[in-house]
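Chain by chain, the residues:
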Amino acid sequence: MADDNWHPLHDAPAFPPERVGPLADRLGRLLKTKNDMLLFQTEAVVALEAVAASIARPGLTALNIVTSPFGAWFGTWLKRGGADVVTLAAEPAQPIAAEAVEAAFEAHPAVRAVVLCHAESANGVLNPLEAIIAAARARGIVTVVDAVASVGGHALDVDALGIDVAVIGPQKALAGPAGLSALSVSGAAWGLVEAGGLRTSTLSLLDRRDWLQAGRGALPGTAAPLEFFALEAALDRFEAEGLEAVIARHARAAAATRDGLLALGAELWVETGRGSHLVTTAKIPDGVDIAALLAAAEPLGMDLSAGIGPGAERLVRLNHTGRRARFETVLGAVLAFGLALRACGAPADLAAAGAAVAARYAG
């Protein structure tokens, strides 16, 4: 008798264990690194917590750069493990200044690790990664980078920059599944992990290293075959387009969104060069209620959302991440924002905005 409740996603076949290691290699090539690559069958926040749990110990001093509410979590995890955490917070919803990081390094010579997010999805800002990594390397400081919202949308050459740990998730610019994540680990980072000594834990990077040493077959724990098949398909599509082409597509989407917003008469939150290629943020005009604006935009089916965290209360995020980084989505989001502004009684030049987006794609 047929099972009327059966679905094609039920009882998925096992993902072949011999294809897990090659997936890690493909992610390593994406990051342009020869460092060890570890896979997690979880969303990237768990991989980030695993890094913190694995390096934290009494006697370690770490600088935690906070540019969104999520950045503060890492400091909490480090403190839980006994580390001494120096918190360097940017102005609310703004990128950190490289000079402020340099000053923090000078003021705290005991710092042995620095943690930062490359691009923030919460508020659309981009941190000066290259300058921060260079300053850390000059002092022998291990660098931990949350690159979840930048990989594939911004240039990220882990080995050339000298990034010790880069944590990524495929659900944003790669347009892959959210239930897997990965990180690269350098020799210097392994030194901190070994000093931390965390073992027999799902957060232990040392336990994950056993997978490397055992030949990189099936990952420990219950397999997540659908996630692995989805990641493989996302990488197939990504590699067919090419890394540089995907980065260029996101850069064009960001530039077109910004051009369209300015032509609309909106005010951008961050200046050119300091914003994410995946998310653009615009200020809400005085007198416009953000909830009413988002409600007016919702029926139009575009991906507009409120900013997250202190300083972002009056921001709207226009999402041009992954498969959304294309002309029709960018145009639709800009015009949806303009229509919502008009519905709330604010002016918006829709014709100029549409022309500005089209000009960026025609060029």
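Data block above holds the structure.
A brief look at the structure comes next. (Residues numbered from 1 in each chain as written. Predicted model: local features only at pLDDT ≥ 70, side-chain atom pairs only at ≥ 80, totals over all residues. Heavy atoms only, no water.)

## Here's the deal with the overall build of the protein chain
Where we set the bar: Helix and strand assignments come from DSSP, with helices taken as H or I runs of at least 4 residues and strands as E runs of at least 2, each series counted from the N terminus. The quantity called the radius of gyration is restricted to C-alpha atoms. Its globule counterpart is 2.2 Å times the number of residues to the power 0.38. Each residue's exposure class comes from its accessible area (1.4 Å probe, protein chains only) as a fraction of the maximum for that residue type: buried when under 20%, exposed when over 50%, partly exposed otherwise.
Within the protein chain, the secondary structure is distributed over 13 helices and 11 strands. Radius of gyration (C-alpha) of the protein chain: 21 Å, near the 21 Å computed for a compact globule of 363 residues. When its C-alpha atoms are laid out on the principal axes, the protein chain stretches across 70 × 60 × 35 Å. Looking at the protein chain as a whole, 53% of its 363 residues are labelled buried.

## What to know about the environment of Ala-356
The cut-off we apply is this: Residue contacts follow a heavy-atom distance rule, with two residues in contact if any of their heavy atoms lie within 4.5 Å.
One can find Ala-356 in helix H13 (residues 350-362). A relative accessible area of 17% means that Ala-356 is categorised as buried. As a C-alpha pair, Ala-356 and Ala-297 span 59 residues in sequence and 20 Å in three-dimensional space. In this structure Ala-356 touches Asp-259, Gly-260 and Ala-263, once residues within four positions along its chain are discounted.

## Looking at the sheet that holds strand E6 (residues 165-168)
Which entries qualify depends on this criterion: Strands are treated as partners if at least two bridges between them are detected by DSSP. Note on definitions: angles span 0 to 180 degrees between N-to-C directions of axes, and those axes are lines fitted to C-alpha atoms, for helices only across the stretch in contact.
Within the open sheet, the seven strands sit side by side as E1-E7-E6-E5-E4-E2-E3. Their pairing is mixed. The open sheet is flanked by strand E1 (36-40) and strand E3 (84-89), the only strands paired with a single partner. The average undirected angle you get between the axes of adjacent strands in this sheet is 15 degrees. Alignment of strand E2 (residues 61-66) against strand E4 (residues 111-117), held across four bridges, turns out to be parallel. Pairing of Ala-62 across the sheet is with Ala-113, part of E4. Packing against the sheet, helix H3 (residues 69-80) makes contact with E2, E3, E4 and strand E5 (142-146), and its axis sits at approximately 160 degrees to E2.

## Here we look at the layout of surface pockets
The cut-off we apply is this: For cavity detection a 1 Å grid was placed over the protein atoms alone, and a set of points counts as a cavity when a 1.4 Å probe fits there but cannot get out; an open set counts as a pocket when protein lies on both sides within 12 Å along at least five of seven lines, with lining residues being those that have an atom within 4 Å of a point. Grid points are joined across faces, edges and corners, and a volume is the space filled by probe spheres set on the points. Under the scheme applied, nonpolar residues are Ala, Val, Leu, Ile, Met, Phe, Trp, Tyr, Cys and Pro; charged residues are Asp, Glu, Lys and Arg; polar residues are all the others, including Gly.
Computed from the structure, the largest pocket encloses a volume of approximately 470 Å³. Of all the secondary-structure elements, those providing two or more residues to the lining of the largest pocket are helix H2 (44-55), E2, H3, E4 and E5. Top element by residues in the lining of the largest pocket is H3. It accounts for five residues. Looking at the lining of the largest pocket residue by residue, the classes come out as 18 nonpolar, six polar and four charged. A volume near 200 Å³ is recorded for the second largest pocket. Taken together, 13 residues make up the lining of the second largest pocket; nearest its centre are Ser-121, Lys-172, Val-279, Asn-319 and Thr-321. When grouped by side-chain class, the residues that make up the lining of the second largest pocket number three nonpolar, six polar and four charged.

## Some points on the pairing of E6
Alternating positions in E6 separate into two faces, Val-165 and Val-167 on one and Ala-166 and Ile-168 on the other, with burial throughout. In this structure, E5 lies alongside E6, joined through three bridges in parallel fashion. Bridging across to E6, Val-144 finds its partner in Val-165. With four bridges connecting them, E6 and strand E7 (residues 181-185) associate as antiparallel partners. In the sheet register, Val-167 faces E7, and the bridge partner there is Leu-183.

## A word on empty space enclosed by the protein
Going through the model one piece at a time under the given rule, you end up with two cavities of 30 Å³ or more. In this structure, the largest cavity occupies an estimated 50 Å³ of space. In terms of lining residues, the largest cavity is bounded by Ala-173, Leu-174, Ala-175, Arg-237, Phe-238, Glu-241, Val-246, Arg-249, Gly-322 and Arg-323. Contributing elements (two or more residues each) for the lining of the largest cavity: helix H9 (225-241) and helix H10 (243-264). In terms of residue count, H9 provides more of the lining of the largest cavity than any other element does, three residues in total. Lining the second largest cavity are Leu-27, Ile-168, Gly-169, Pro-170, Leu-180, Ser-181, Ala-182 and Leu-231. Across the lining of the second largest cavity, the residue classes tally to six nonpolar, two polar and no charged.

## Regarding unusual backbone geometry
The backbone of Ala-93 sits at a positive phi, close to 60 degrees, despite the residue not being glycine. Relative to the elements of secondary structure, Ala-93 occurs in the loop between E3 and helix H4 (98-107). Of note in this structure, Arg-216 is not a glycine but carries a positive phi near 60 degrees. Within the fold, Arg-216 resides in the loop between helix H8 (205-213) and H9.

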